[in-house]
Each structure stands twice: as C-alpha cells, then as structure tokens.
Amino acid sequence: MGSPDWLNLAVPVSPVSEQWAEELIQAALELDAPLGISNQPALWGHALNGAGACLFAVGGEDAARAPGEREAFDTVQAHLLETLCSLTRPSLDAYFFRLTGPLGEAQCAGVLAALEYAKEEGHVRIAGIEARVDPSELIQAGEGRFEIALLPAGTSWPLAIPSVRALSSGEKPVGEGPFLRTVRSAEEVCGCMEAGR
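What you see is a predicted model; the values in this text were computed from it and never measured. (Residues numbered from 1 in each chain as written. Predicted model: local features only at pLDDT ≥ 70, side-chain atom pairs only at ≥ 80, totals over all residues. Heavy atoms only, no water.)

Trainee: Give a description of the overall build of the protein that names residues and reports values.
Mentor: Scanning the protein from N- to C-terminus turns up six helices and eight strands. Relative to the globule expectation of 16 Å for 197 residues, the C-alpha radius of gyration of the protein, 17 Å, shows essentially globular dimensions. Seen through its principal axes, the protein has C-alpha atoms that stretch 45 × 35 × 30 Å. Within the span of the protein, comprising 197 residues, buried residues form 45% of the whole. Considering only residue pairs separated by 6 or more positions, the protein has 59% of its internal contacts joining residues 24 or more positions apart. When the accessible surface of the protein is split by element, carbon and sulfur atoms take 50% of a total near 10,000 Å². (Helix = DSSP H or I, 4+ residues; strand = E, 2+ residues; numbered from the N terminus. Rg over C-alpha atoms; globule rule 2.2 N^0.38 Å. Buried < 20%, exposed > 50% of the residue type's maximum accessible area, 1.4 Å probe, protein only. Contact = heavy atoms within 4.5 Å. Areas by Shrake-Rupley, 256 points an atom, 1.4 Å probe, with all protein chains shown as cover.)

In structure tokens, the structure reads:
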C-alpha cells in the first residue's frame, strides 16, 4: 500500500460539485490506501469497478440479535453478499465484523462460521473485527480467524493481532498508525496525503 492510513469513503452532507464522487474516488485511488465502502457500497462500486483498489467493508452487527447460530451465520453472510452485489465484485480484500456488545455463545459460533465460510468461498481475503467494545473474548474464541482489528482511537485493549485506529473528524493521530480516516471530498484525501508525509 502506498499510504499508511486507511480511508473510509463517505457521502458529504452537501456536495460541492456534481462530480464530487468521481473526484473523491480519483484522489483516494492516487493515495493507494485501503478503501472502506460500507457507507453506500452501490455508489462506490460503480466508480471503483475494475480499479484494482484494496476494498474493505464493515457490518454484520445484527448477528448479535440473532436467536441462534444459524441465524447469526445467515445475517453475516447476507450483509457480505449484499455488499458484494452492490459493488459488482466477487470478493473483498477485508471484511470486518462489527462488534457493538457482548455476543452469546450461539451468535459467536455463527459469526465465526460465517467468516470462515466467506474465506473458504473466496468472498473475503482477510477477516477482521471492528470493535466498539473490548474484542478480546471474541478474538480468543476465534482461534486465529481474525487477522486484524479496527478500533476506536484512544483504546488500549491488549490484542494479539494488528490493529488500525479510527480517527474522529479533526482528531490528531497519537501513537503509531495505521489510522482509519473518514473522507468526504478530494480535499480531505489531499489532507491525508499531507498528514502522512
């Protein structure tokens, strides 16, 4: 990758030009960073089709409310396949399961099975976890299935896997990267280029 940071593509509150999406994507591709497409995958999919960019998505959090293992599996798979269809791509470079609270044993088993199946089927190259709460138990239960964590900035959970820290708008990076930066315009991508130098 050309950039130490990861970019999460997002729609601006009020677009400044009719070509904002094309300008944002062009600037992001020039940075050669992994690109998050969870916010509006169909919008990004059309413009990124054939670009060869490293793409990742985050989701599946509804599996925590599933009544059992099979339903948790189906929830994660459905989100992943919906994302792939929106992108018109057969696979993602990384998929992060979003952990927002504790998981029951059945839900944990379903999530882990879904991620393993996605990798076996070639839908995902890297399985990760995006954590809003301490992910240590799920990572341990995963027995090596999670390869990377996406964490809020400022957390100090001791993890046995590499992590990327998400920065809030305007927040300055503290510590070592990589960092996840949400970008809504080509100008914000250029700001990431400057910050990375």
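Trainee: Quick one: what's the story with helix α2 (residues 41–48), residue by residue and with numbers?
Mentor: The set of residues buried in α2 consists of Pro-41, Trp-44, Gly-45 and Leu-48. Down the axis of α2, the sector holding all buried residues measures 105°, keeping them to one side. Where α2 is buried, its residues meet β1 (6–9), α1 (20–31), β2 (35–36), β3 (55–59) and α3 (69–87). Taken from the residues just after α2, Gly-50 is the one with a positive phi, measuring 85°. (Arc of directions from axis to C-beta.)

Trainee: Just give me the short version of the packing of aromatic side chains, but keep the residues and values in it.
Mentor: Counted under the stated rule, the structure contains five aromatic pairs. Residues Trp-20 and Trp-44 carry aromatic rings whose centres are separated by 5.9 Å and whose planes lie at 90° to one another, so their mutual orientation is edge-to-face. Here Trp-20, found in helix α1, pairs with Trp-44, found in helix α2; they are 24 residues apart in sequence, far enough to count as distant. Across the pair, exposure class does not vary: Trp-20 and Trp-44 are buried alike. (Phe/Tyr/Trp six-rings, centres within 6.5 Å; stacked < 30°, edge-to-face > 60°.)

Trainee: Tell me about the environment of Ala-153, residues and numbers included.
Mentor: Tracing the chain through its elements places Ala-153 in the loop between β6 (148–152) and β7 (163–166). Here Ala-153 falls in the partly exposed class, since its relative accessible area comes to 25%.

Trainee: Mind laying out the packing of α3 against helix α4 (residues 105–120), listing which residues take part and the relevant values?
Mentor: Taken N-terminus to C-terminus, the directions of α3 and α4 make an angle of 40°; their axes are 7 Å apart at the nearest point. In terms of orientation, α3 lies oblique with respect to α4. The hand of the α3/α4 crossing is right-handed. When α3 is examined against α4, the residues Glu-69, Ala-72, Phe-73, Val-76, Gln-77 and Leu-80 are found in contact with a partner set consisting of Ala-106, Gln-107, Ala-109, Gly-110, Val-111, Ala-113, Ala-114, Leu-115, Tyr-117 and Ala-118. Considering only residue class, the contact of α3 with α4 consists of 12 nonpolar, three polar and one charged. (Axes fitted to C-alpha atoms, helices over the stretch in contact; angles between N-to-C directions. Parallel < 35°, antiparallel > 145°, perpendicular 65-115°, else oblique. Left-handed = near helix turned anticlockwise from the far one by under 90°. Nonpolar A, V, L, I, M, F, W, Y, C, P; charged D, E, K, R; others polar.)

Trainee: Could you give an account of the sheet that holds β3, with specific residues and numbers?
Mentor: Pairing within the closed barrel is parallel, and its eight strands lie in the order β1-β2-β3-β4-β5-β6-β7-β8. Where β6 lies against β7, four bridges are found, and the strand directions are parallel. The residue bridging Leu-151 from the neighbouring strand is Arg-165, located in β7. Seen against the sheet, α1 touches β1, β2 and β8 (179–183) and runs at an angle of roughly 165° to β1. The strands touched by α3 are β3, β4 (92–99) and β5 (124–131); relative to β4, the strand with the most contacts, the crossing angle is about 140°. (Pairing = 2+ DSSP bridges.)

Trainee: Residue-level account of the side chain of Thr-83, with values.
Mentor: Position of Thr-83 among the secondary structure elements: in helix α3. For Thr-83, the residues in contact, after removing those within four places along its chain, are Ile-37, Pro-41, Ala-57 and Leu-92.

Trainee: Report on the nonpolar core, specifying residues and quantitative values.
Mentor: Of all hydrophobic cores here, the largest spans 49 residues; its most connected members are Leu-7, Leu-9, Ile-37, Trp-44, Leu-48 and Leu-92. Among the elements that line this core, the one with the most residues is α1, at seven residues. The contact partners of Ile-37, leaving out residues within four places of it in the chain, are Leu-9, Trp-44, Leu-48, Leu-55, Phe-56, Ala-57, Thr-83, Leu-87 and Leu-92. (Core = buried A, V, L, I, M, F, W, Y, C linked by side-chain atoms within 4.5 Å.)

Trainee: Describe the packing of α1 against α2, listing the residues and the values that go with them.
Mentor: Two numbers describe how α1 lies on α2: the axes approach to 10 Å, and their chain directions differ by 65°. As for the relative orientation of α1 and α2, their crossing is right-handed in sense. Residue-level inspection shows Trp-20, Ala-21, Leu-24, Ile-25 and Leu-29 of α1 in contact with α2, the latter providing Leu-43, Trp-44, Ala-47 and Leu-48. Here the contact of α1 with α2 is composed, by residue class, of nine nonpolar, no polar and no charged.

Worth remembering: the numbers are spatial, not functional.
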